[in-house]
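Structural overview
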Amino acid sequence: LDVKPLTEDPYQMIKEIKGLSFRTADDLAQAMGMKPESPFRIKAGCEHAMSSLNSNSGHTCVRPSELMSEVHELTSIDGELTEDAIHELIEDDVFQKAPNDMIGFKNHIGGEQFIANDLLGRLQRGKKNEFDESIFSKLNYNLSADQYGAVFTSLNNPVSLLTGEAGSGKTTVLKSIIKVLKH
């Protein structure tokens, strides 16, 4: 870490030191004389709040009011200063506006859009894998009827989702799909 920028923006430690919480960085920053209304503090609070909201809800985006409420709880700052910090994070390509007046991390929104477009493209192409069923006899293990069905279905559809409880054979199904595709 570069010492000079840490004196200007101690909150960057959150990104640099794995496991360092906003609270710890905030305590250190306050001890260094960082003012509570510092833009660095509010922006770091916004990023932490967004991350917490994403983790807790499983959503990629949140309503601005939810984010502002979470930032207020974290920093005791609200209103115009928080709105300004959110707009700066959008300008800095950290956050992005999403449909329905939602906000999220730009890389999360981009990743979600990439996956959705890729899945849609696969479904539209409808390409099936060509394989010789005799390959199943060359596996050095036996598949249950459900596992065989899962392998067969996965190989005959452009998109598949494999789910199951621990010990149900998901790994065996995946290994079998890979072996079939390699031959």
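Above this note sits the structure.
Residues numbered from 1 in each chain as written. Predicted model: local features only at pLDDT ≥ 70, side-chain atom pairs only at ≥ 80, totals over all residues. Heavy atoms only, no water.

On to the overall build of the protein chain, then. Scanning the protein chain for helices and strands turns up nine helices and three strands. Starting at the N terminus, the α and β elements of the protein chain follow one another as α-α-α-α-β-α-α-β-β-α-α-α. The C-alpha radius of gyration of the protein chain comes to 24 Å, more than 25% above the 16 Å expected for a compact globule of 183 residues. Looking at the protein chain as a whole, 32% of its 183 residues are labelled buried. Nonlocal contacts in the protein chain, meaning residues at least 24 apart in sequence, comprise 53% of its contacts between residues at least 6 apart. Entry remark: accessible area of the protein chain is about 12000 Å², with carbon and sulfur atoms responsible for 51%. The average position of the 19 basic charges and that of the 27 acidic charges among the side chains of the protein chain differ by 12 Å. (Helix = DSSP H or I, 4+ residues; strand = E, 2+ residues; numbered from the N terminus. Rg over C-alpha atoms; globule rule 2.2 N^0.38 Å. Buried < 20%, exposed > 50% of the residue type's maximum accessible area, 1.4 Å probe, protein only. Contact = heavy atoms within 4.5 Å. Areas by Shrake-Rupley, 256 points an atom, 1.4 Å probe, with all protein chains shown as cover. Lys, Arg positive; Asp, Glu negative; His and termini not counted. Charge placed at Lys NZ, Arg CZ, Asp CG, Glu CD.)

With antiparallel pairing, the three strands of this open sheet are ordered in space as E1-E3-E2. At either end of the open sheet lies a strand with only one pairing partner, and these are strand E1 (61-62) and strand E2 (95-98). Both E1 and strand E3 (residues 102-105) contribute to a ladder of two bridges, which runs antiparallel. For Cys61, the partnering residue across the bridge sits in E3 and is Gly104. Contacts from helix H6 (residues 80-91) reach E2 and E3 within the one sheet, and its direction differs from that of E2 by about 95 degrees. (Pairing = 2+ DSSP bridges. Axes fitted to C-alpha atoms, helices over the stretch in contact; angles between N-to-C directions.)

Turning next to a nonpolar patch on the surface. On the surface, a nonpolar cluster with roughly 480 Å² of combined accessible area is contributed by Phe114, Ile115, Leu119, Leu123 and Val159. Looking at the element boundaries, Leu123 is found in helix H7 (residues 106-125). (Patch = residues over 30% accessible without salt bridge, like charges linked within 9 Å, V, L, I, M, F, W, Y side chains within 5 Å. Salt bridge = Lys/Arg side-chain N within 4 Å of Asp/Glu carboxyl O.)

This brings us to the nonpolar core. In terms of nonpolar packing, the biggest core is built from 17 residues, with Cys46, Met50, Leu67, Ile86 and Phe95 touching the most fellow members. Of all elements in the fold, only helix H4 (39-57), helix H5 (64-75), H6 and E3 reach the threshold of two or more residues within this core. It is H4 that contributes the most residues to this core, five residues altogether. Ignoring anything within four residues of it in the chain, the contact list for Leu67 reads Cys46, Ala49, Met50, Leu53, Val62, Ile86 and Phe95. (Core = buried A, V, L, I, M, F, W, Y, C linked by side-chain atoms within 4.5 Å.)

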